[in-house]
Amino acid sequence: MPRSLLTDFELMILLATLRVGDDAYGVQIAREIERISGRKVLLGAAYAALDRLERNELVTSTVGNPTAERGGRAKRFFRVTPRGLRAVKETRQALVALWQDLPQLKEKRT
Amino acid sequence: MNSQPPRLAVALLNRVVPEEEPLTGDLVEEFAAGRSRAWFWRQAIAAAALTAFRRSDEVRPLRLIDGVPARVPSAPATSRRTVNLTASPVAGVGGLSLAILATLVTIFVPQAWWIVLAAMAAGVVLGVVLIAIRRTRA
């Protein structure tokens with residue numbers, strides 16, 4: 001089976017990128033993960049994951065124009081590819097399948 | 001409050017991750033938005049460490065780096081060897097990171113000065129021993 005399932009962090013990165021939309025760049029992706037999940041994100045780790053995802057063609061990136069507020073540095077915008085979207089869906093299906101029928105995880109009804 | 005990000009941390013990023021200019025830009029943007037200098041340093045050191053770790057997969061592990069291939073018979077017998085003790089592909093990164101770490105410990109945990117001093121002395125001794133052993137074996 002080809003490797004299509006994502007690590008938890010890769011999955012969070014892809015989901016946050018999808019949530020932010022077309023203008024998703026490092027800071028926004030990290031903020032979205034922190035806001036939704038409460039997990040602190042190291043930007044270096046986010047970029048490492050994004051580089052890996054891009055190598056696997058799950059995201060694409062484009063570099064914008066340099067801005068003064070960033071010390072003359074450009075933003076790198078990320079977009080999830082159709083292949084990335086498929087990987088998210090496959091990972092979700094696998095996790096849901098693993099989740100099902102586990103007595104330890106069933107809600108107690110009173 | 002100083003609105004400029006820590007220059008040494010920016011220099012570290014420019015040196016270690018020059019290809020990740022957008023990452024440095026993101027950190028500068030966040031700092032301008034109100035993040036602390038400690039946050040900037042933490043992010044910069046982590047980014048540098050992660051990059052060095054990723055690159056270590058692409059280069060040889062801890063070993064002597066020769067200027068010329070060892071099997072070339074015409075290699076001058078007196079050529080000096082460069083020793084890379086950190087497995088980092090970027091010369092000086094290991095030493096720079098240690099210097100930064102020692103500086104941070106000195107600033108934030110001044111009562112641990114003797115640990116820093118002992119570690120530095122032990123590092124020098126270990127480095128000299130390793131260099132001597134590896135040059136003897138080479």
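Since we're looking at a predicted model, the values are computed, not measured.

Thresholds, definitions, all that
Residues numbered from 1 in each chain as written. Chains lettered and ligands numbered in written order. Predicted model: local features only at pLDDT ≥ 70, side-chain atom pairs only at ≥ 80, totals over all residues. Helix = DSSP H or I, 4+ residues; strand = E, 2+ residues; numbered from the N terminus. Contact = placed C-beta atoms within 7 Å. Core = buried A, V, L, I, M, F, W, Y, C linked by C-beta atoms within 7 Å. Buried ≥ 20, exposed ≤ 12 C-beta atoms within 10 Å, placed from the backbone. Nonpolar A, V, L, I, M, F, W, Y, C, P; charged D, E, K, R; others polar. Pairing = 2+ DSSP bridges. Expected span 1.5 Å × (residues − 1). Arc of directions from axis to C-beta. Axes fitted to C-alpha atoms, helices over the stretch in contact; angles between N-to-C directions. Parallel < 35°, antiparallel > 145°, perpendicular 65-115°, else oblique.

**Digging into the overall build of chain B**
And step 1. For chain B, the helix and strand inventory stands at 5 helices and 2 strands.
And step 2. Helices and strands appear in chain B in the N-to-C order α-α-α-β-β-α-α.
And step 3. In chain B, the share of contacts with a sequence separation of at least 24, taken over all contacts with a separation of at least 6, comes to 59%.

**Some details on the nonpolar core**
And step 1. Of all hydrophobic cores here, the largest spans 40 residues; its most connected members are Ile 13 and Ala 46 of chain A together with Ala 44 of chain B.
And step 2. Sorting elements by how many residues they give to this core places helix 3 (residues 43–55) of chain A first, with 7 residues.
And step 3. Setting aside residues no more than four positions away along its own chain, Ile 13 of chain A makes contact with Ile 29, Ala 46, Ala 49, Leu 50 and Leu 53 of chain A.

**Considering the interface of chain A and chain B**
Reports often express the size of an interface as the amount of accessible area lost when the parts come together.
And step 1. Listed per partner, the contact involves 17 residues of chain A and 17 residues of chain B.
And step 2. Going through the elements one at a time, helix 2 (26–37) and helix 3 of chain A are the ones with two or more residues in the side of chain A that touches chain B.
And step 3. Per-element tally for the side of chain A that touches chain B: the top contributor is helix 3 of chain A, with 5 residues.
And step 4. Counted by class, the side of chain A that touches chain B contains 9 nonpolar, 3 polar and 5 charged residues.

**What to know about the sheet that holds strand 3 (residues 76–80) of chain A**
Residues and elements named next belong to chain A.
And step 1. Spatial ordering of the open sheet is given by 1-3-2, a layout of 3 strands whose pairing is antiparallel. Among the strands making up the open sheet, the edge pair consists of strand 1 (24–25) and strand 2 (59–63).
And step 2. Two strands pair when backbone bridges link them, and strand 1 and strand 3 are joined in this way by 2 bridges, in the antiparallel orientation. Along strand 3, the bridge assignment pairs Ala 24 with Phe 78.

**Considering helix 4 (residues 82–99) of chain A**
All names here are of chain A.
And step 1. In this model, helix 4 (18 residues) spans 26 Å end to end at C-alpha, consistent with the 26 Å of a helix rising 1.5 Å per residue.
And step 2. Listed in full, the buried residues belonging to helix 4 are Gly 84, Ala 87 and Val 88. The buried residues of helix 4 occupy an angular sector of 100 degrees when projected down its axis, which confines them to one face. Facing away from the buried side of helix 4 by over 90 degrees, the exposed positions are Pro 82, Lys 89, Gln 93, Val 96 and Ala 97.

**Details of the environment of Leu 8 of chain B**
And step 1. Locating Leu 8 of chain B in the fold gives a position in helix 1 (residues 7–16).
And step 2. Between the C-alpha atoms of Leu 8 of chain B and Ile 100 of chain B, which are 92 residues apart in sequence, the distance is 9.0 Å.

**A short note on the environment of Thr 7 of chain A**
And step 1. Here Thr 7 of chain A lies in the segment before helix 1 (8–20).
And step 2. Each C-alpha atom of the pair Thr 7 of chain A and Ala 49 of chain A lies 9.8 Å from the other, and the pair is 42 residues apart in sequence.

**Re helix 1 of chain B**
Residues and elements named next belong to chain B.
And step 1. Where helix 1 is concerned, the buried positions are Ala 9, Leu 12, Leu 13 and Val 16. End-on view of helix 1: buried residues confined to an arc of 95 degrees, all on one side of the axis. Of the exposed residues in helix 1, those oriented more than 90 degrees away from the buried face are Arg 7, Ala 11 and Asn 14.

**A few points about the packing of helix 1 of chain A against helix 3 of chain A**
Residues and elements named next belong to chain A.
And step 1. At a minimum axis distance of 10 Å, the contact between helix 1 and helix 3 shows a crossing angle of 85 degrees. In this view, helix 1 runs roughly perpendicular relative to helix 3, as classed from their interaxial angle. Residue-level inspection shows Phe 9, Glu 10, Ile 13 and Leu 14 of helix 1 in contact with helix 3, the latter providing Ala 46, Ala 49, Leu 50 and Leu 53.

**A look at the packing of helix 2 of chain A against helix 3 of chain A**
Residue and element names in this part refer to chain A.
And step 1. For the pair helix 2 and helix 3, the least separation of the axes is 10 Å and the interaxial angle reads 110 degrees. Judged on the interaxial angle alone, helix 3 and helix 2 are roughly perpendicular. Between helix 2 and helix 3, the residues in contact are Gly 26, Ile 29 and Ala 30 and Leu 43, Ala 46 and Tyr 47, respectively.
And step 2. Of the residues in the contact of helix 2 with helix 3, the class split is 5 nonpolar, 1 polar and no charged.

**Structural notes on the environment of Lys 75 of chain A**
And step 1. Along the chain, Lys 75 of chain A falls in the loop between strand 2 and strand 3.
And step 2. Accessibility expressed as a C-beta count within 10 Å gives 24 for Lys 75 of chain A, which makes it buried.
And step 3. The spatial distance from the C-alpha of Lys 75 of chain A to the C-alpha of Thr 62 of chain A is 8.4 Å, given a sequence separation of 13 residues.
And step 4. Ignoring any residue separated from it by four or fewer positions in sequence, one finds Lys 75 of chain A in contact with Tyr 25 and Gly 64 of chain A together with Pro 22 and Gly 25 of chain B.

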